[in-house]
Amino acid sequence: MMRHPFVVAALGLFALFLLSHLAGGRQYVGVLSGTVVGGAGGAGFGLLYVLAWFGAVLAAPVLLLAGLLDGALARVFRARH
């Protein structure tokens, strides 16, 4: 099985979001509206959660599709030659 770097990166972004969600990061997202819960640590964790969410929702699907398409095209071109 081929491990394409884009697919690995996409799965890593999904895993980062899942871990931050399971750790309770959603409650600290109020930092976006200016309400900081938990002090500076809560603000940092809230920003980490938001970045992980954007990575999982915006970047990871693109990386996953690009990696799968690249792998499929490479397999087709290898079969032709």
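The structure we're discussing is the one just above.
Starting afresh in each chain, residues are numbered from 1 along the sequence in its written order. Residue-level local features of this predicted model are given only where pLDDT is at least 70; pairs of side-chain atoms are given and counted only at 80 or more, and the full residue set underlies all totals for whole chains, interfaces and linings. Heavy atoms throughout the structure, all of them, feed into the side-chain values; hydrogens and water do not.

Draft legend 1. Expanded view of the packing of helix H1 (residues 5–22) against helix H2 (residues 39–80). It is the contact of H1 with H2, at a shortest axis distance of 7 Å, that shows an interaxial angle of 150°. One finds that H1 runs roughly antiparallel with respect to H2. Note that H1 runs across H2; the crossing there is left-handed. Classification convention: Asp, Glu, Lys, Arg as charged; Ala, Val, Leu, Ile, Met, Phe, Trp, Tyr, Cys, Pro as nonpolar; all other residues, Gly among them, as polar. In terms of residue class, the contact of H1 with H2 is made up of 19 nonpolar, 4 polar and no charged. Simply put, an axis is a line fit to the C-alpha atoms, just over the touching stretch for a helix, and the angle between two N-to-C directions goes from 0 to 180 degrees. For helices the rule is a DSSP run of H or I covering at least 4 residues; for strands it is a run of E covering at least 2, with both sets numbered from the N terminus onward. By definition in this entry, angles of less than 35 degrees are roughly parallel, angles greater than 145 are roughly antiparallel, angles of 65 to 115 are roughly perpendicular, and the rest are oblique. Handedness of a crossing is defined here by the sense of rotation of the near helix relative to the far one, left-handed for an anticlockwise turn of less than a right angle and right-handed for a clockwise turn.

Draft legend 2. The arrangement of the packing of aromatic side chains in detail. Think of it this way: a Phe, Tyr or Trp ring, Trp meaning its six-membered ring, pairs with another when their centres are within 6.5 Å, and the plane angle makes it stacked under 30 degrees, edge-to-face over 60, tilted otherwise. Enumeration over the complete set of coordinates arrives at 3 aromatic pairs. Relative to Tyr49, the ring of Phe17 has its centre 5.5 Å away and its plane inclined at 45°; by these criteria the two rings are tilted. One end of the pair, Phe17, is in helix H1; the other, Tyr49, is in helix H2, with 32 residues separating them in the sequence. There is no split in this pair, since Phe17 and Tyr49 are both buried. With a centroid separation of 5.6 Å and an interplanar angle of 65°, the aromatic rings of Tyr28 and Phe45 are classed as edge-to-face. Placement of Tyr28 in the loop between H1 and H2 and of Phe45 in helix H2 is noted, with a sequence separation of 17 residues between them. Buried residues are those whose accessible area, probed at 1.4 Å on protein chains only, stays under 20% of the maximum for their type, while exposed residues exceed 50% and partly exposed ones sit between those limits.

Draft legend 3. Broad picture of a nonpolar patch on the surface. Taken together, Trp53, Phe54, Val57 and Leu58 make up a surface patch of nonpolar side chains, about 380 Å² in accessible area. Relative to the elements of secondary structure, Leu58 occurs in helix H2. By relative accessible area, which is 54% here, Leu58 ends up exposed. To count toward a patch, a residue needs a relative accessible area above 30% and no salt bridge. Like charges then connect within 9 Å, nonpolar side chains (Val, Leu, Ile, Met, Phe, Trp, Tyr) within 5 Å. What sets the accessible areas is the Shrake-Rupley method with a 1.4 Å probe; for residues, cover comes only from the shown protein chains. A side-chain nitrogen of Lys or Arg and a carboxyl oxygen of Asp or Glu constitute a salt bridge if their distance falls within 4 Å.

Draft legend 4. How the structure looks around H1. When the terminal C-alpha atoms of H1 are compared, their 25 Å separation across 18 residues agrees well with the 26 Å that a helix rising 1.5 Å per residue should span. The set of residues buried in H1 consists of Val7, Ala10, Phe17 and Ser20. Buried residues of H1 fall within an arc of 165° about the axis and therefore sit on the same side. Away from its buried face by more than 90 degrees, H1 exposes Pro5, Leu19 and Leu22. For a helix, the expected span equals 1.5 Å multiplied by the number of residues minus one. Here the arc refers to the directions that run from the helix axis out to each C-beta atom.

Draft legend 5. Main features of H2. Under the 1.5 Å per step criterion, the end-to-end length of H2 is 60 Å for 42 residues, consistent within 8% with the ideal 62 Å. Along H2, the helix axis deviates most sharply at Ala59, where the bend reaches about 40°; the proline Pro61 sits within four residues downstream. Residues of H2 that are buried: Gly42, Ala43, Gly46, Tyr49, Val50, Ala52, Gly55, Ala56, Ala60, Gly67 and Gly71. Any two residues having at least one pair of non-hydrogen atoms within 4.5 Å are treated as being in contact. Those residues of H2 that are buried are in contact with H1. Axes are fitted to the seven residues ending at a residue and to the seven starting at it; the angle between these axes is taken as the bend at that residue.

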